[in-house]
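# Coordinates in review
The residues making up each chain are set out below.
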Amino acid sequence: MEGRRSRSGWIGWLVFLLFILGPSILPPLARWLSQQTGLVIGTTDLFIALIVLMVVISIGSSIFGALRRSSEDTNTTRLPENQPFDTPSAQGEVVRQPTTKLEDVFRTPPLPPEPPRMPASSANLPGAPRFEPIIDPRILTIGMIGAIVILFVFGVLFLLLNP
């Protein structure tokens, strides 16, 4: 969660700077764009277009980040629990045979697990709550992409048909 905030935090700063510096930067930029394109582009139109562009970039980066995280989750490999170099001892415990790899020789041993903490009261506490998504992520992704395409089409039509 923290990583996602730090990656998309720059868009908020960009909107903040646009509100602060926009009144001095946008009028010359709007005049220049009007001269280059031949269309009448006002400061307000440019401001709205920049805000919409930032929203689209934010939504796109969120979608691509979610897709990348889901592909990383599916690409991870898990070792089987019964590995061929594990052998049972006479007491029934599994004893790991030493390996001859150089990485295993210089690796520090893992820390022992902490003993489970008992609650202060003798009552059993319920397990952690699980939250299931209300909307399937695939349907949400398709809907967001459709909304972006529709907004883009209407934006282009607005720019072309607005005298």
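Preceding block: the structure.
Residues numbered from 1 in each chain as written. Predicted model: local features only at pLDDT ≥ 70, side-chain atom pairs only at ≥ 80, totals over all residues. Heavy atoms only, no water.

Another aspect to go through is the overall build of the protein. Secondary structure summary: the protein contains four helices and two strands in total. What you see in the protein, going N to C, is helices and strands ordered as α-α-β-β-α-α. Relative to its 163 residues, the protein shows a buried fraction of 7%. The long-range fraction of contacts in the protein, counting pairs at least 24 apart against all pairs at least 6 apart in sequence, stands at 45%. (Helix = DSSP H or I, 4+ residues; strand = E, 2+ residues; numbered from the N terminus. Buried < 20%, exposed > 50% of the residue type's maximum accessible area, 1.4 Å probe, protein only. Contact = heavy atoms within 4.5 Å.)

Time to look at the nonpolar core. Ranked by size, the top nonpolar core spans six residues in total: I11, L18, L26, A30, L46 and M54. Mapped onto this core, the elements with two or more residues apiece are helix 1 (2-37) and helix 2 (43-75). If you tally residues by element for this core, the top one is helix 1, at four residues. Those residues in contact with L26 that sit more than four places away from it in its chain are L18, T43, L46, F47 and L50. (Core = buried A, V, L, I, M, F, W, Y, C linked by side-chain atoms within 4.5 Å.)

Attention now moves to the packing of aromatic side chains. Counting across every chain of the model gives two aromatic pairs. Ring geometry for W13 versus F16: centroids 6.0 Å apart, planes at 90 degrees, classification edge-to-face. Here W13 pairs with F16, and both are found in helix 1, just three residues apart, close to one helical turn. A relative accessible area of 60% means that W13 is categorised as exposed. Judged by centre distance (5.1 Å) and plane angle (70 degrees), the rings of F19 and F47 are edge-to-face. Highlighted residues: F19 in helix 1 and F47 in helix 2, separated in sequence by 28 residues. (Phe/Tyr/Trp six-rings, centres within 6.5 Å; stacked < 30°, edge-to-face > 60°.)

Right, let's get into the pattern of salt bridges. A complete count under the given rule lists one salt bridge for this structure. Between D136 and R138 there is a salt bridge whose closest N-O contact spans 2.9 Å. Classification of D136 by relative accessible area gives partly exposed; the value is 28%. (Salt bridge = Lys/Arg side-chain N within 4 Å of Asp/Glu carboxyl O.)

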